[in-house]
Every structure is written in structure tokens, then in C-alpha cells.
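Examination of the molecular architecture
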Amino acid sequence: MKFNTKTIHGGQQLEETTGAVMPPVFFTSTFAQSSPGVHKGYAYARGTNPTRTALESSFAAIENGTNGFAFSSGMAAIDCVLRLLKPGDEVIAGDDLYGGTYRMFTQLFEQYGLKFTYVDMDVVENVTTAITEKTKLVWLETPTNPLMKIADIKAISSTVKQIHSTILIAVDNTFATPYLQQPLNLGADIVMHSATKYLGGHSDLVMGALMVKDQNLAKEIHFIQFAAGAIAGPMDSFLALRGIKTLHLRMQRHCENGMAVAKFLENHSKVGEVFYPGLENHPNYKIAKKQMKDFGGMVSFKLKSATKAATFRFLENTKLFTLAESLGGVESLVNHPVTMSHASIPVQERLKIGITDSLIRLSVGIEDIDDLLADLEQALNA
Ligand SMILES: *Cc1c(COP(=O)(O)O)cnc(C)c1O
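First, a word on what this report is: a plain description of the structure on this page. (Residues numbered from 1 in each chain as written. Predicted model: local features only at pLDDT ≥ 70, side-chain atom pairs only at ≥ 80, totals over all residues. Heavy atoms only, no water.)

Turning our eyes to something else, we now look at the overall build of the protein. Secondary structure summary: the protein contains 14 helices and 12 strands in total. The C-alpha atoms of the protein give 21 Å as radius of gyration, which agrees with the globular expectation for 382 residues (21 Å, within 12%). Referenced to the eigenvectors of the C-alpha coordinate spread, the extents of the protein come out at roughly 75 × 50 × 35 Å. Evaluated residue by residue, the protein yields a buried proportion of 55% over its 382 residues. Relative to all contacts within the protein whose residues are 6 or more apart in sequence, the contacts with residues 24 or more apart total 72%. Here the protein has roughly 16,100 Å² of accessible surface; of this, 54% comes from carbon and sulfur atoms. Positive and negative side-chain charges of the protein, numbering 35 and 38 respectively, have mean locations separated by a distance of 2 Å. (Helix = DSSP H or I, 4+ residues; strand = E, 2+ residues; numbered from the N terminus. Rg over C-alpha atoms; globule rule 2.2 N^0.38 Å. Buried < 20%, exposed > 50% of the residue type's maximum accessible area, 1.4 Å probe, protein only. Contact = heavy atoms within 4.5 Å. Areas by Shrake-Rupley, 256 points an atom, 1.4 Å probe, with all protein chains shown as cover. Lys, Arg positive; Asp, Glu negative; His and termini not counted. Charge placed at Lys NZ, Arg CZ, Asp CG, Glu CD.)

Now for the site of the ligand. Around the ligand, 14 residues are found, and the nearest of them are Gly74, Asp172, Ser194, Thr196 and Lys197. In the model, an oxygen atom of the ligand is placed 2.8 Å from a nitrogen or oxygen of the serine 194 side chain. Mapped by element, the contributors of at least two residues to the shell around the ligand are helix H3 (74–82) and strand S6 (190–194). (Near = heavy atom within 4 Å. Polar contact = N/O pair within 3.5 Å; in protein donor to acceptor, adjacent residues only side chain to side chain.)

Attention now goes to the side chain of glutamate 90. Looking at where glutamate 90 falls in the secondary structure, it is placed in strand S2 (residues 90–94). For glutamate 90, which is buried and forms no salt bridge, the nearest opposite charge comes from lysine 115, at a distance of 4.0 Å. At 2.9 Å, the side chain of glutamate 90 forms a polar contact with the side chain of threonine 132. Once residues within four sequence positions are removed from consideration, glutamate 90 is found in contact with Lys115, Thr132, Lys134, Thr135, Lys136 and Leu137. (Salt bridge = Lys/Arg side-chain N within 4 Å of Asp/Glu carboxyl O.)

Below, the discussion takes up the environment of alanine 309. With respect to the helices, strands and loops of the structure, alanine 309 is situated in helix H12 (residues 308–317). In this structure the C-alpha to C-alpha distance between alanine 309 and serine 358, which are 49 residues apart in sequence, comes to 9.2 Å.

With that settled, consider the nonpolar core. Soluble globular proteins tend to bury their nonpolar side chains together. In this structure, Phe59, Met207, Leu265, Phe301, Phe314 and Leu362 are the most contacted members of the largest nonpolar core, which totals 65 residues. Examining the composition of this core, we find that 8 residues originate from one element, helix H10 (residues 247–266), more than from any other. Setting aside anything within four residues of it in sequence, one finds phenylalanine 301 in contact with Leu265, Val271, Glu273, Val274, Phe275, Phe314, Ser358, Leu359, Ile360 and Leu362. Counting residues in each nonpolar core, the second largest holds 30 residues, with Phe69, Ala77, Leu84 and Ile224 among its members. (Core = buried A, V, L, I, M, F, W, Y, C linked by side-chain atoms within 4.5 Å.)

Scanning the entire structure with this criterion turns up 9 aromatic pairs. Ring geometry for phenylalanine 31 and tyrosine 42: centres 5.5 Å apart, planes at 40°, overall tilted. Remark: tyrosine 42 occurs in the loop between helix H1 (3–9) and helix H2 (50–62) and phenylalanine 31 occurs in the loop between H1 and H2; sequence separation between them is 11 residues. Classification of tyrosine 42 as partly exposed rests on a relative accessible area of 21%. One aromatic cluster is present, built from ring pairs that chain together Phe105, Phe116 and Trp139. Positioned above the aromatic ring of phenylalanine 226, the side-chain terminus of arginine 46 is 5.1 Å from the ring centre. Across from the ring centre of tyrosine 98, 5.2 Å away, lies the NZ or CZ of lysine 197, which sits over that ring. (Phe/Tyr/Trp six-rings, centres within 6.5 Å; stacked < 30°, edge-to-face > 60°. Lys NZ or Arg CZ within 6 Å of the ring centre and 35° of its normal.)

Right, let's get into the packing of H10 against helix H14 (residues 369–380). Across the interface, H10 lies against H14 with an axial gap of 10 Å and an inter-helix angle of 30°. Overall, the two elements H10 and H14 adopt an arrangement that is roughly parallel. In this structure, the crossing between H10 and H14 has a hand that is right-handed. Contacts from Asn257, Ala260, Val261, Phe264 and Leu265 in H10 reach Ile369, Leu372, Leu373, Leu376, Glu377 and Leu380 in H14. (Axes fitted to C-alpha atoms, helices over the stretch in contact; angles between N-to-C directions. Parallel < 35°, antiparallel > 145°, perpendicular 65-115°, else oblique. Left-handed = near helix turned anticlockwise from the far one by under 90°.)

On to the pattern of salt bridges. Close approach of charged atoms allows side chains with opposite charge to pair. Per the counting criterion, the structure on display carries 10 salt bridges. Aspartate 189 is the partner of lysine 161 in a salt bridge, and the nearest nitrogen-oxygen pair spans 2.6 Å. Residue lysine 161 is found in helix H6 (residues 153–163), and its partner aspartate 189 is found in the loop between helix H7 (177–180) and S6; the two are separated by 28 residues along the sequence. Several salt bridges share partner residues, and in doing so they unite Asp95, Asp120 and Lys149 into one network.

This part covers the sheet that holds S2. Within a sheet, each strand pairs with its neighbour through backbone hydrogen bonds, oriented either parallel or antiparallel. Taken in spatial order, the 7 strands of this open sheet run S1-S7-S6-S5-S4-S2-S3, and their pairing is mixed. Each edge of the open sheet is held by one strand with a lone partner, namely strand S1 (67–71) and strand S3 (115–119). Neighbour-to-neighbour, the strand axes of this sheet turn through a mean angle of 20°, independent of strand direction. Relative to strand S5 (residues 168–172), strand S4 (residues 135–141) runs parallel, the two sharing 5 bridges. Paired with glutamate 141 across the strands is aspartate 172, a residue of S5. Contacts from H2 reach S1 and strand S7 (208–212) within the one sheet, and its direction differs from that of S1 by about 125°. This element, helix H8 (residues 215–228), spans S1, S5, S6 and S7 of the sheet and lies at about 20° to S1. (Pairing = 2+ DSSP bridges.)

Below you can see the structure in the form of C-alpha cells.
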């Protein structure tokens, strides 16, 4: 199946008793057994629920994996990956991570003896020189949030595996989605998503996903998911499955609108730097063009007048772009990373990588582009 068919049919079956095209929402915590231990594959809903199973099969299909796992949030999915490690193990991560990921690494897992090293992942050598005997995981996000840097997944995976074939490569694919890039095909072992964002696509749920292509890894992850219990519920699973069916259509429009917004901002007299991997002057444009099918719907920028007052004036005056956390829904959102998504990153760390007070992040939705550009224009002139 091609990708645009997989989003609709990948891993899906008609419901057996009625032929329902969409799986029922199985609101049940438990399943009858005919004799102790004898059941129809479902025993207790923390372990498996048929609605969640349908979604997890879709997750596996769209990322070209063998197994998918649905969690109660993106953070719960990341938490599960870290539980694969033991005290003393080391993780190499990108230096421009989602704020919550950085918070989890530093404030939750360091105390259990995991060590994290942060490197600029757009240079492959930065990753390889950070590898030690204890390195067990490389965690990468590409494009990064909020600066839209691109890491070469294939080059990093193959170089790292040459040094130690057992080091796991995990990719947070939330920003790109499998429509734009499929990390398992590029050598990664684990793909992670905040399905809250583009996979769900309608800002109506919070969910995380993991996808893998190795049976042993799948067994370990299923064990942690079951034992720790941060599962996605049946209603959310249904909503996410419905969202995925239009992922390819939505992403196509997100990309078209994202590019149009990036070009508009780049040519605007009041705008300074624009961060969008589809612009030819983006430092990682070549890797982005090679690795991604298109460039996505996330655009960050700074105003020329880089004062906090001017930045806040813009943020308070957009009308179609709602000032809110999150991204990846059909509606356009605007975010101020310093006070919102990235508030948990210490000031010195933020400034080191360029997350300044004047940075603004847009999640460009799938509305009519004329209305979106008109909204940006009026807010820039407010
Ligand atoms: C939102 C987000 C997360 C966290 O996911 P939740 O669903 O909010 O728990 C992780 N990584 C990235 C890139 C995100 O945007």
C-alpha cells in the first residue's frame, strides 16, 4: 500500500459481528473468560483493548513498523522509552528539544542515574564524538522545536550503529509526521509521536505513540506499557484513528500554507529571521530537501523590532492564529516559546541556542491562505 492508502486502511479490518467500517469504541475494562486463562485475546483493558489495538495497528502501518503503541500522552511515550534503560546508561540528545522532553530528562530521569549529553545534531560528528561505552540511546527530534533545525537521520543512524550496533536510535517525529519522513526506513529503531499534534490533528485529544520494527523491542515496550500503565483510552483511540485517515490530506495543505507563510514573512519589512526548512537560506535546507517529502506547517520567526513589547503586541493581536499551546491541528495557532512551550528550559540554555524573547512560533493550519496572510499582516501592523 502507498502511504495515502495506509492512513485509511493500514492495519484495519472490518468489525467481525456487524461489518462496521470503523471499530466500535470498546468501553470496557475487562473481558469474560470461559475457563481460567481462556479468552478471545483480550483479558484486561490495561493490557489490550480492541479500539486501541485498531489504532496501534494503524500506528505501525503509517510508520512502516511492525508494532505500534498508544500512550496517554506524548510524554508517557517518552517515559516508556527511557524505562528501557538502566542506571548508569547514557543518552545523547539534541540541544533543541521540546521543552517537556528536556524537563523529563533533567528533572525526572537524571535522579535515577541516567546521564544526558546534549549536542547540536545537525553535525553528525557531534553525535559520534559524544558516544562512550555507556551510551545506550540517541534521542533526536527533527525538525526541532522551535528552531526548525534538521538532523540527518540516515547519516546519524548508520554512523552510530557502526560504532556500537546496540545503541538505540529514537526519533521524535511529531513535527514531520510519517507523511514527510519515516525514520524506521532511515535506520532508526523507535519512532515517537505526540499524537496530540498532527496524527490526531483536531486538537481534541492528548496522546503519545511509539512505533518499532523489531520484535524484541516490541515485547519490551509492550511489557512497560502494560506494567507502568500509561495507556491511551478507547475514546481517544477512536478519535486518533479518525484523525489519521485524513493525515495525508491535512499535511499536504499544512505544507502549502507553511511555505506560503514562510515566504510572506521572509519578504516582510517588519520581520527579521525566519526559521523554516523549506527556505533555501535555511542552514539545513539540503538535508531537509533530501530527507523530507515537503517541509511541514511549523514556522518560527523573530520581529525586526526585537523588543518584548513589540512581540507581545503581535501575539495579542492575531485573530485567526489563536495564542495557545500545542500545534498540528487544523486550526492555526501562535505560540511564544519563552513563556509557553519552552518555559521549563533555563534562561542560559535557551539563549545559548537562540530561543530569545522575540521568538514566535506558528502552527500554520489548513484554513484559506489569503485569510491567514491577512491576519499576519494586520497583527504585524497592530
Ligand atoms: C507536544 C510534544 C511532545 C509532548 O507530547 P504530549 O502529547 O504533549 O505529552 C513531545 N515532543 C514534541 C515535539 C511535541 O511537540
